[in-house]
Amino acid sequence: MKRKTLTRLAISLIPIVLLMAMMVLVIKVYGGDAICGGSQVALIIASGICIWLSTWLFKTPWKKFEDEIRDNISDLSMTLLILLMIGALSGAWTVSGIVPSFICYGMQIINPRIFLVTACIICAIVSVATGSTWTTIATIGVALMGIGKAQGFSDPLIAGAIISGAYFGDKISPLSDTTVLASSIGKVSLFSHIRYLMITTVPSFVIALVIFLILGLSHDTLDASRMTEYADGIRSTFNLSPWLMAVPALTALMIARKMPPVVVLALSALCGVVAALIFQGETVYDIGAVHGGSDAKIRLLGAMEILYNSTSIDSGNADINALIATRGMRGMLNTVYLVICSMCFGSSMKASGMLHQLASLIIPFTRKRVSLVASTVGTGIVMNGVVADQYLSIILTSSIFKDIYEKEGFEGKLMSRSIEDSSTITSPLVPWNSCGMTQSTILGVSTLAYAPYCFFNLISPLMSIIIAATGYRICRDMSRKTADTGKRD
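These numbers come from a predicted model, not from an experiment.

Details of the overall build of the protein
Stage number 1. Scanning the protein from terminus to terminus reveals 25 helices and zero strands.
Stage number 2. Reported as C-alpha extents along the three principal axes, the dimensions of the protein are approximately 75 × 60 × 45 Å.
Stage number 3. Of all 489 residues assigned to the protein, the portion counted as buried reaches 56%.
Stage number 4. Taking as baseline every contact in the protein between residues at least 6 positions apart, the subset at least 24 positions apart corresponds to 76%.

Here it is, written out as structure tokens:
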């Protein structure tokens, strides 16, 4: 029996190992564009191998795979809709001038005497507004790298401050696809998930800021003219007004009233379009002018383009152009495809029983609250290295622990938070992970060089375990656990 169990365990590792090998190859070939198709193909191939091995060796019926894939994708249907709404919101808020306003106001807090702290905060503000670490790092991050170098800071230290801020903002932004994905898989309301994240995220960020402050105080101040030039370029491109802040204020009000995320995102995107027509009418007209027609028709088509299509606005500065370029709903399709293919792989692993075999190695260490959270965090970190992709890491880690959290009576938001504190946050620290490779390429600093200075990313997993040890705001339904235990017995 023991030999049979070991054999099944070894077979269960085959799809994971092959997927890891294919993902390394895909990322090596495509780099940051791996999400545009290569990763999806690797996932489908790995799913096919899993199904073939299971049907051949374990005699698992095809119907079981079909039902599992259908059910899991059905559970994520609202997630896919939210992702599309995020694309629409991002486009509307950028073209309307809301996101550029956030960026300019964030830049105003820059102080060369405390550059590292300021860089971290600016990246956090931009990342919250855009919901994208990659966009933040590729634009504001690159500008901050230049300023930091001129002030005499080492490249790895600057990169650490930039990445720490960008991932803090991405983690708590309702526009972030990873935040949406983690909350949806845990069947937790998006805003409830974000509020629960604050318990571990805010202390981690504060500690990181203190460290950056201590490291930066010994440096002399220099002129921050590059940032001024950057802000001036945005102001010359957009008609910025304090009235634009009414839209995010309205969004905050809807969030406070706990309205459904899809409704909040849809109404916020619609308000963004109205703001674009009022404050950036000429830009909207230029976007729709390619279709021709009457003025009313052109403005209507321009408004629609903002929501669903990629748009680019020429500011005369390549860096600013990259920052204010939008993806719209169409730009979210690669993420949607990746989520669907990831669910196919996770569902195949679960239906075949292979996921259960792998989870059996972890279950003995999950009997208590701290060990359960620590195991979740550890698995998320390992998955980032194994499958080299944060989306996959989120999905596979949740697939392993979802039933365990339910049986032990813990809330789903504890699992979703633990996964975010590991899978999302540590992805840029792995050299062969898609995030690690992308950030390293953009900033021109090797992953292993900047990793020790990504204090927020390093502290977050530990903070998750520490908060679990204190038991702060962690609820457990003991009657549910007893009932489940009785069923197992």
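Some thoughts on a nonpolar patch on the surface
Stage number 1. Judged by side-chain polarity, Leu 13, Val 17, Met 20, Val 24 and Trp 432 come together as a nonpolar surface patch covering roughly 400 Å² of accessible area.
Stage number 2. Assignment of secondary structure puts Leu 13 in helix H1 (residues 2-30).

Considering the packing of aromatic side chains
Stage number 1. Per the counting criterion, the structure on display carries 10 aromatic pairs.
Stage number 2. One aromatic cluster is present, built from ring pairs that chain together Phe 168, Phe 205 and Phe 456.
Stage number 3. One Lys or Arg, Arg 417, reaches over the ring of Tyr 196 and ends 4.2 Å from the middle of that ring.

Side note on the confidence of the model for the protein
Stage number 1. When pLDDT is averaged along the protein, the result is 83, and 91% of the positions lie at 70 or above.
Stage number 2. Taken element by element, the protein is modelled with least confidence in helix H25 (residues 478-488), mean pLDDT 47, and with most confidence in helix H24 (residues 455-470), mean pLDDT 95.

Structural notes on helix H2 (residues 38-58)
Stage number 1. Compared with an ideal rise of 1.5 Å per residue, which puts 21 residues at 30 Å, H2 spans 29 Å between its outermost C-alpha atoms and is within 8% of the ideal.
Stage number 2. Every buried residue of H2 is listed here: Gly 38, Ser 39, Gln 40, Ala 42, Leu 43, Ala 46, Ser 47, Cys 50, Ile 51, Leu 53, Ser 54 and Phe 58.
Stage number 3. Lys 59 lies just past H2 and shows a positive phi near 60 degrees.

Looking at unusual backbone geometry
Stage number 1. The phi torsion at Lys 59 lies on the positive side, around 60 degrees, for a residue other than glycine.
Stage number 2. The topology assignment puts Lys 59 in the loop between H2 and helix H3 (62-75).

Some details on the pattern of salt bridges
Opposite charge on two side chains lets them pair, provided their charged atoms get close.
Stage number 1. The final tally for this structure, using the stated rule, is five salt bridges.
Stage number 2. One salt bridge connects Asp 67 with Lys 63, and the closest N-O pair in it is separated by 3.0 Å. With a gap of four residues between them, Asp 67 and Lys 63 both fall in helix H3, about one helical turn apart.
Stage number 3. On the accessibility criterion, Lys 63 (48% relative accessible area) is partly exposed.
Stage number 4. Residues joined in a network through salt bridges with shared partners are Lys 63, Asp 67 and Arg 70.

Some points on the packing of helix H4 (residues 77-96) against helix H13 (residues 261-279)
Stage number 1. Two elements in contact, H4 and H13, have axes whose closest approach is 8 Å; the angle formed by their N-to-C orientations is 20 degrees. Overall, the two elements H4 and H13 adopt an arrangement that is roughly parallel. At the point where H4 passes H13, the crossing takes the left-handed sense. From H4, Met 78, Leu 81, Ile 82, Met 85, Ile 86, Ala 88, Leu 89, Ala 92, Trp 93, Val 95 and Ser 96 reach across to H13, where they touch Pro 261, Val 262, Leu 265, Ala 266, Ser 268, Ala 269, Gly 272, Val 273, Ala 275, Ala 276 and Phe 279.

Details of the environment of Leu 144
Stage number 1. In this fold, Leu 144 is placed in helix H7 (residues 133-150).
Stage number 2. Its relative accessible area of 0% is what places Leu 144 among the buried residues.
Stage number 3. Taking C-alpha positions, Leu 144 is 16 Å from Tyr 167, a pair spaced 23 residues apart along the chain.

Quick notes on the environment of Asp 421
Stage number 1. Within the secondary structure, Asp 421 is located in helix H21 (residues 412-424).
Stage number 2. Between the C-alpha atoms of Asp 421 and Met 463, which are 42 residues apart in sequence, the distance is 8.4 Å.
Stage number 3. With residues up to four places along the chain from it excluded, the contact list for Asp 421 reads Lys 171, Leu 197, Thr 200, Thr 201, Ser 460, Pro 461 and Ser 464.

So, the state of the cysteines
Stage number 1. Applying the stated criterion across every chain yields a total of zero disulfides.
Stage number 2. As a non-bridged cysteine, Cys 341 has Cys 344 as the owner of its nearest cysteine sulfur, 5.9 Å distant.
Stage number 3. Relative accessible area serves as the criterion here: at 12%, Cys 341 is assigned to the buried category.

Parameters and conventions
Residues numbered from 1 in each chain as written. Predicted model: local features only at pLDDT ≥ 70, side-chain atom pairs only at ≥ 80, totals over all residues. Heavy atoms only, no water. Helix = DSSP H or I, 4+ residues; strand = E, 2+ residues; numbered from the N terminus. Buried < 20%, exposed > 50% of the residue type's maximum accessible area, 1.4 Å probe, protein only. Contact = heavy atoms within 4.5 Å. Patch = residues over 30% accessible without salt bridge, like charges linked within 9 Å, V, L, I, M, F, W, Y side chains within 5 Å. Areas by Shrake-Rupley, 256 points an atom, 1.4 Å probe, with all protein chains shown as cover. Salt bridge = Lys/Arg side-chain N within 4 Å of Asp/Glu carboxyl O. Phe/Tyr/Trp six-rings, centres within 6.5 Å; stacked < 30°, edge-to-face > 60°. Lys NZ or Arg CZ within 6 Å of the ring centre and 35° of its normal. pLDDT = per-residue confidence, 0-100. Expected span 1.5 Å × (residues − 1). Axes fitted to C-alpha atoms, helices over the stretch in contact; angles between N-to-C directions. Parallel < 35°, antiparallel > 145°, perpendicular 65-115°, else oblique. Left-handed = near helix turned anticlockwise from the far one by under 90°. Disulfide = S-S within 2.5 Å.

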